[in-house]
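Take a look at the letters that make up each chain.
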Amino acid sequence: MADGSVATQLRKGVLGPAVLALLEQRERYGLEIVRELSDAGLVASEGTVYPLLTRLQDAGRVASDWVIADGARPRRFYRLTPAGRAELAAFRAEWPVFARAVHGILDPERH
């Protein structure tokens, strides 16, 4: 993961939709989300993800439940809500348009 303010700002812009996309696949617990985003190079620590999950939950985009399985410690599992699914669909529709616009400005020779 590249360090620097540009990379940080780019990651912040796509982190919410990335979380929604992970939850579209299946329910996940917080640390699992952190690990997947970290493996993808989108976050460096869990300190970024948990506040985001709280904001997404407060906005009605995700819901959560505490689950205790097989004597393990409780884990909060997050799932996508219909509002989260709609927000993700809107992001997916807008992303290619946005990316083309940015590419057109950054690399006008190729467009």
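Residues numbered from 1 in each chain as written. Predicted model: local features only at pLDDT ≥ 70, side-chain atom pairs only at ≥ 80, totals over all residues. Heavy atoms only, no water.

Draft legend 1. Structural context of the packing of helix α1 (residues 5–25) against helix α4 (residues 82–106). Two elements in contact, α1 and α4, have axes separated by 10 Å at closest approach and are oriented at 120 degrees. As the angle between them shows, α1 and α4 are arranged oblique. Two packed elements cross with a definite hand, and for α1 against α4 that hand is left-handed. In this structure, α1 contributes V14, P17, L20, A21 and E24 to the contact, and α4 contributes G84, R85, E87, L88, F91, R92 and W95. (Axes fitted to C-alpha atoms, helices over the stretch in contact; angles between N-to-C directions. Helix = DSSP H or I, 4+ residues; strand = E, 2+ residues; numbered from the N terminus. Parallel < 35°, antiparallel > 145°, perpendicular 65-115°, else oblique. Left-handed = near helix turned anticlockwise from the far one by under 90°. Contact = heavy atoms within 4.5 Å.)

Draft legend 2. Highlighting the pairing of strand β3 (residues 75–80). By the bridge criterion, two bridges tie strand β1 (residues 28–29) to β3 in an arrangement that is antiparallel. Paired with R28 across the two strands is Y78, which belongs to β3. Where strand β2 (residues 62–67) and β3 come together, six bridges link them in antiparallel fashion. Following the sheet pairing, A63 is matched in β3 by R79. (Pairing = 2+ DSSP bridges.)

Draft legend 3. Representation of the environment of T54 within the structure. Locating T54 in the fold gives a position in helix α3 (residues 46–58). For T54, a relative accessible area of 42% translates into the label partly exposed. T54 sits 51 residues away from I105 along the chain, and the two C-alpha atoms are 35 Å apart. (Buried < 20%, exposed > 50% of the residue type's maximum accessible area, 1.4 Å probe, protein only.)

Draft legend 4. Broad picture of unusual backbone geometry. Non-glycine residue D70 carries a positive phi angle of around 50 degrees. Note that D70 resides in the loop between β2 and β3.

Draft legend 5. Representation of the packing of aromatic side chains in the model. Throughout the structure, instances matching the rule amount to three aromatic pairs. Judged by centre distance (5.6 Å) and plane angle (65 degrees), the ring pair of Y29 and F77 falls under edge-to-face. Linking Y29 in strand β1 with F77 in strand β3, this pair joins segments that are 48 residues apart in sequence. Here F77 falls in the partly exposed class, since its relative accessible area comes to 21%. Centroid distance F91 to W95: 5.4 Å. Interplanar angle 25 degrees. Geometry classified as stacked. Of this pair, F91 and W95 both sit in helix α4, four residues apart, which is roughly one turn of the helix. One aromatic cluster is present, formed by F91, W95 and F98 through successive ring pairs. Positioned above the aromatic ring of Y29, the side-chain terminus of R75 is 4.0 Å from the ring centre. (Phe/Tyr/Trp six-rings, centres within 6.5 Å; stacked < 30°, edge-to-face > 60°. Lys NZ or Arg CZ within 6 Å of the ring centre and 35° of its normal.)

Draft legend 6. Here's a closer look at the sheet that holds β3. Spatially, β1-β3-β2 is the arrangement adopted by the three strands of the open sheet, whose pairing is antiparallel. If you trace the sheet from one side to the other, it starts and ends with β1 and β2, each paired once.

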